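Next come the chains, spelled out residue by residue.
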Amino acid sequence: MSKYRCKLCGYIVEGDVVPDVCPVCGAPASEFELIDAPATADGGSKKGMNRDSNVYTVVYASVMVMLVAVLLAFTSQSLRSYQKANEDNDKRQQILRSINQTVNGTETETIYKKLITDAFLVNDNGERIDGDAFAADASKMFDNKAYPVFVAKVDGQTKYVMALSGAGLWGPIWGYVSVNEDGNTIFGADFSHQGETPGLGAEIATTHFRAEFAGKQLFKNAEFKSIAVVKPGKEAHGQDYVDGISGGTITSKGVDRMIAASLQQYVGFLKKGK
């Protein structure tokens, strides 16, 4: 037996014919639609899957999810080369900012190749080891006791750039610090973050904060002291320091810990340079 539904009020009637008018809303027979057909002799149905059934909804949703997943995977794979190129370009810009070179766009790679003359990994003793310093993820390399070093020539003088990796308030923070050939005096610095608070912790990425580090010294009386990041107005006895971010205390402390812990791994290399 077939089922028909009134398109105006939703009334359903069973039978092989529809009424002349809907007994509920008075709509004419032309306003009824077939929603369920009787089985055929072979056990089938006179029409396809009932679009009002839960089975149809589940099947339709599953097919759409799979199609979207395939499309997203294909798009991601197609764009991967462009994403990698952008990531590499951003990394070059960070390294260049740490030697006080601000560049953008297509000139980045050219200037990077001109100023960065060498890149390698070192171990705890400051000895050069195998590996790709540029391709390496700093946090993973630190876990493997391999530390990236980039050698730069700025106005004829050698600078050593070292990677930093740590944690801020809301997620990872990282950066690069460059030192002069004496292996002690900071030439420049750059810091980045994943999700620090705009206007507060995110200020670590500003030019003003980075500029505070220039000229600070990592060693006192041949002993590694790092550079402290202190609350504005405070001091750090026995070591050089910079003012932290007002209102970004936790992020500032994260930068302080990151610099000390990361550069501690380079002491062997820095002493060899000195």
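Please read these numbers as outputs of a predicted model, since none were measured by experiment.

*Asks:* Quick rundown of the sheet that holds strand E5 (residues 128–129)? Include the residues and the values.
*Replies:* If you trace the six strands from one edge of the open sheet to the other, you get E5-E4-E6-E7-E8-E9, paired in antiparallel fashion. Of all the strands in the sheet, just E5 and strand E9 (186–193) have a single pairing partner and so form its edges. Where strand E6 (residues 147–154) and strand E7 (residues 157–167) come together, six bridges link them in antiparallel fashion. Bridging from a neighbouring strand, Lys-153 pairs with Thr-158 of E7. Of the strands in this sheet, strand E4 (116–122) and E6 touch helix H2 (residues 107–115), which is tilted by about 75 degrees from E4.

*Asks:* Give me the sheet that holds strand E1 (residues 3–6): which residues, what numbers.
*Replies:* Overall, antiparallel pairing links the three strands, which are arranged E2-E1-E3 in an open sheet. One side of each edge strand has no neighbouring strand; the edge strands of this open sheet are strand E2 (12–14) and strand E3 (32–36). On average, each strand axis in the sheet is inclined to that of its neighbour by 35 degrees, with strand direction left out of account. As paired strands, E1 and E3 are joined by four bridges and run antiparallel to one another. Residue pairing in the sheet places Lys-3 in a bridge with Asp-36 of E3.

Rules used throughout
- Residues numbered from 1 in each chain as written.
- Predicted model: local features only at pLDDT ≥ 70, side-chain atom pairs only at ≥ 80, totals over all residues.
- Heavy atoms only, no water.
- Pairing = 2+ DSSP bridges.
- Helix = DSSP H or I, 4+ residues; strand = E, 2+ residues; numbered from the N terminus.
- Contact = heavy atoms within 4.5 Å.
- Axes fitted to C-alpha atoms, helices over the stretch in contact; angles between N-to-C directions.

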